[in-house]
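In case you want the letters, here they are:
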Amino acid sequence: MERNLLVIGATGKTGGHTTELLLQRGHRVRALVRGLDGRAERLAALGADIVEGDVLDLDSRAQAAKGTDALYFTYPIRPGLMDATAKRGPGGGGERGPGDREHVAGLRPP
């Protein structure tokens, strides 16, 4: 079944492999990237929809997640990141949002 998937951290090592694998499996993939560089261009050439944004910005994540069925969070863990991802609902609180459908790359298919 084809799905609309978002990959956060798509230009990193794990995210790049995840994006490529999902595209090979026939899914539509939106890649949230920090900047439009050669890595983003490579993913676009493979068929990914590239969205420039900041994973630490709730509005960036919410906009990127619109219309997706699930997301893969492949961003490396660093100070402050866990707080940013914990505020995953549209209002940053307990509301259901795109973060409620997170899959950890490599643990199970979408």
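Whatever comes next refers back to the structure up there.
Procedures and definitions
- Residues numbered from 1 in each chain as written.
- Predicted model: local features only at pLDDT ≥ 70, side-chain atom pairs only at ≥ 80, totals over all residues.
- Heavy atoms only, no water.
- Buried < 20%, exposed > 50% of the residue type's maximum accessible area, 1.4 Å probe, protein only.
- Helix = DSSP H or I, 4+ residues; strand = E, 2+ residues; numbered from the N terminus.
- Pairing = 2+ DSSP bridges.
- Right-handed = clockwise from strand over helix to strand, strands pointing away.
- Salt bridge = Lys/Arg side-chain N within 4 Å of Asp/Glu carboxyl O.
- Expected span 1.5 Å × (residues − 1).
- Arc of directions from axis to C-beta.
- Core = buried A, V, L, I, M, F, W, Y, C linked by side-chain atoms within 4.5 Å.
- Contact = heavy atoms within 4.5 Å.
- Axes fitted to C-alpha atoms, helices over the stretch in contact; angles between N-to-C directions.
- Parallel < 35°, antiparallel > 145°, perpendicular 65-115°, else oblique.
- Nonpolar A, V, L, I, M, F, W, Y, C, P; charged D, E, K, R; others polar.

Asks: Talk me through the pairing of strand E2 (residues 28–33); I want residue IDs and the actual numbers.
Replies: Of all six residues that make up E2, five are buried, and the element is covered over most of its length. Bridge analysis of strand E1 (residues 4–8) against E2 gives five bridges, and the strand direction is parallel. Paired with Ile-8 across the bridge in E2 is Leu-32. Once the chain exits E2 it traverses helix H2 (residues 38–46) before rejoining the sheet at strand E3 (residues 49–52), and the crossover so formed is right-handed.

Asks: Describe the pattern of salt bridges, and please don't skip the residues or the numbers.
Replies: Tallied over the full model, the rule gives four salt bridges. Among the salt bridges present, the one from Glu-2 reaches Arg-28, with a minimum N-O distance of 2.2 Å. In this pair, Glu-2 sits in the segment before E1 while Arg-28 sits in strand E2, placing the two residues 26 residues apart along the sequence. Overall, Glu-2 belongs to the partly exposed group, its relative accessible area being 43%.

Asks: Break down helix H1 (residues 13–24) for me, with residues and values.
Replies: The end-to-end C-alpha distance of H1 is 17 Å, a good match for the 16 Å that twelve residues give at a rise of 1.5 Å each. Listed as buried for H1 are Gly-15, Gly-16, Thr-18, Thr-19, Leu-22 and Leu-23. Down the axis, H1 shows its buried residues gathered within 165 degrees of arc, on one side only. Across from the buried face of H1, at angles greater than 90 degrees, the exposed residues are Lys-13, His-17 and Gln-24. One or two residues past the end of H1 sits Gly-26, with phi positive at roughly 90 degrees.

Asks: Quick rundown of the nonpolar core? Include the residues and the values.
Replies: Ranked by size, the top nonpolar core spans 13 residues in total, and within it Val-7 and Leu-22 carry the most contacts. Sorting the residues of this core by element identifies E1, H1, E2, H2 and strand E4 (70–73) as the ones contributing at least two each. If one sorts the elements of this core by residue count, E2 sits on top with three residues. In contact with Val-7, other than residues within four places in its own chain, are Gly-15, Thr-18, Thr-19, Leu-22, Val-29, Arg-30, Ala-31, Leu-32, Tyr-72 and Thr-74. Formed by nine residues, the second largest nonpolar core is a distinct cluster that contains Ile-8, Leu-32, Val-55 and Leu-71.

Asks: Would you mind going over the packing of H1 against H2 in detail, with residue names and values included?
Replies: Contact geometry of H1 with H2 gives a least axis separation of 10 Å together with a crossing angle of 10 degrees. As judged from the angle between their axes, H1 and H2 are roughly parallel. Note on element contacts: H2 touches H1 through Arg-42, Leu-43 and Leu-46, opposite Gly-16, Thr-19, Glu-20 and Leu-23. Looking at the contact of H1 with H2, its residues break down into three nonpolar, two polar and two charged.

Worth remembering: the numbers are spatial, not functional.
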